[in-house]
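# Report on the structure
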Amino acid sequence: MRTDHDQSLPGNTTAPGAGTDASRMPGHWLLARLGKRVLRPGGLELTRWMLDALAVGPDDRVVELAAGLGATAPLTLARTPAAYVAVDREPAAVARLGSLVAPGPTEIRAVRADAARTGLPDASATVVYGEAMLSMQPLPAKRRIVREARRLLDGSSGRYAIHELCLRPDDIPPALAERITADLHEALHMGARPLTATGWSGLLTEGGFTVTALRTAPMALLEPRRFIADEGPARAIGVAGRALRDPSARRRVMHLRAVFHRHRDHLGAISLLAVPTASAQ
């Protein structure tokens, strides 16, 4: 039986970023290479809230955008939806996701595609969600991905959810928001453009959705208590041990943690649930 902490996928494919020096690879690839599976800003707790809010059931056709290492997929498959499609741009991720085994009769597919252009049919899903991916996109790309989610959803029963980084409070000074964005970019080695809660709600509204639920959580991805809660004690110790044996990786992880800690009062995690707006159907 698979538990929440037993979320590893078959090991016959390489992880994204394999062969890249730890000092240069994107932060999420580095953490994945060290063995960290849960790379969501609000951790498993906020992911579980998101899935509960989506109320995934046996009649649902689920699409996960930018599914990555597949940490959320087993939690979704445990709810035995009729179908689950994982979309990701990385060949290694798609190969791993295609090896998932459902505990029930769920039809599983893994598709290599961009989240903004999945190639899947219109209205082919009842549930679409994405985690820790919109935050990394510039605003025009965020809009394209939200529009794609709307296109994929059956307007009569569709639900969309996101789980992302969040700036706080809503009236955060623009200069401070820019400083946080710059620090994240420097630490992650990739763009990070989180929005405020009002900004995320506005993005979904503009894309043809009505937000029906929202929850926030601290951004504590690399804090010991969250780390152990997300990964389990054994995996957490393993990740720490691999980082200690790799000086370059250790420096990167400590720098990431320092940036998250420095901005802890203004950087959090957020999940929103939305349904297609009637006038947009």
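Keep in mind that what you see is a predicted model, and the values were worked out from it rather than measured.

So, on to the layout of surface pockets. Of the voids in this model, the largest pocket is the one considered here, and its volume is about 970 Å³. If you trace the largest pocket, you find 43 residues lining it, with His28, Ala132, Met133, Met136 and Met190 closest to the centre. The element best represented in the lining of the largest pocket is helix H1 (residues 27–34), accounting for five residues. For the lining of the largest pocket, the per-class residue count stands at 29 nonpolar, five polar and nine charged. Estimated volume of the second largest pocket: approximately 390 Å³. Lining the second largest pocket are 18 residues, with Leu222, Phe227, Ala236, Ala240 and Val253 positioned closest to its centre.

Here we take up the pairing of strand S5 (residues 159–167). With nine of nine residues buried, S5 lies mostly within the body of the structure. Examined bridge by bridge, strand S4 (residues 127–131) and S5 share five bridges and lie parallel to one another. By the bridge assignment for S5, glutamate 131 is matched with histidine 163. At this point the chain moves from S4, through helix H5 (residues 139–152), to the parallel S5, and the crossover so formed is right-handed. Bridge count for S5 against strand S6 (residues 195–196) is two bridges, and the pairing is parallel. By the bridge assignment for S6, cysteine 166 is matched with leucine 195.

Residues Leu30, Leu34, Ile180, Leu184, Leu222, Phe260 and Leu267 are the most contacted members of the largest nonpolar core, which totals 31 residues. Of all the secondary structure elements, the ones that give two or more residues to this core are H1, S5, helix H6 (174–188), helix H9 (233–244) and helix H10 (247–262). Top element by residues in this core is H6. It accounts for six residues. What leucine 34 contacts, discounting residues up to four positions off in sequence, is Val239, Arg242, Ala243, Ala249 and Val253. With 29 residues, the next largest nonpolar core counts Val111, Ile145, Trp200 and Leu203 among its residues.

What follows concerns the pattern of salt bridges. Taken as a whole and judged by the stated rule, the model has 13 salt bridges. Where arginine 40 meets glutamate 131, a salt bridge forms, and the shortest distance between an N and an O atom there is 3.2 Å. Here the residue arginine 40 occupies a position in the loop between H1 and helix H2 (43–54), and glutamate 131 occupies one in strand S4, the gap between them amounting to 91 residues. Residue classification places glutamate 131 among the buried residues on the basis of a relative accessible area of 1%. As a salt-bridge pair, glutamate 148 and arginine 151 come within 2.7 Å of each other at their nearest N and O atoms. Highlighted residues: glutamate 148 and arginine 151, both in helix H5, separated by three residues, approximately one helical turn. By relative accessible area, which is 28% here, arginine 151 ends up partly exposed. Each of Arg40, Glu64 and Glu131 takes part in a single network of salt bridges with overlapping partners.

Taken as a whole and judged by the stated rule, the model has one aromatic pair. Taking 5.0 Å as the distance between ring centres and 35° as the angle between the ring planes, the aromatic pair formed by tyrosine 160 and phenylalanine 209 counts as tilted. With tyrosine 160 in strand S5 and phenylalanine 209 in strand S7 (residues 209–218), this residue pair connects regions lying 49 residues apart in the sequence. By the burial criterion, tyrosine 160 is buried, and phenylalanine 209 matches it. Looking at lysine 36, its charged tip hangs above the ring of phenylalanine 227, at a distance of 4.7 Å from the centre.

Reading the values: rules and limits
- Residues numbered from 1 in each chain as written.
- Predicted model: local features only at pLDDT ≥ 70, side-chain atom pairs only at ≥ 80, totals over all residues.
- Heavy atoms only, no water.
- 1 Å grid on protein atoms, 1.4 Å probe; cavity = no way out; pocket = protein on both sides within 12 Å on 5 of 7 lines; lining within 4 Å.
- Points joined across faces, edges and corners; volume = space filled by probe spheres on them.
- Helix = DSSP H or I, 4+ residues; strand = E, 2+ residues; numbered from the N terminus.
- Nonpolar A, V, L, I, M, F, W, Y, C, P; charged D, E, K, R; others polar.
- Buried < 20%, exposed > 50% of the residue type's maximum accessible area, 1.4 Å probe, protein only.
- Pairing = 2+ DSSP bridges.
- Right-handed = clockwise from strand over helix to strand, strands pointing away.
- Core = buried A, V, L, I, M, F, W, Y, C linked by side-chain atoms within 4.5 Å.
- Contact = heavy atoms within 4.5 Å.
- Salt bridge = Lys/Arg side-chain N within 4 Å of Asp/Glu carboxyl O.
- Phe/Tyr/Trp six-rings, centres within 6.5 Å; stacked < 30°, edge-to-face > 60°.
- Lys NZ or Arg CZ within 6 Å of the ring centre and 35° of its normal.

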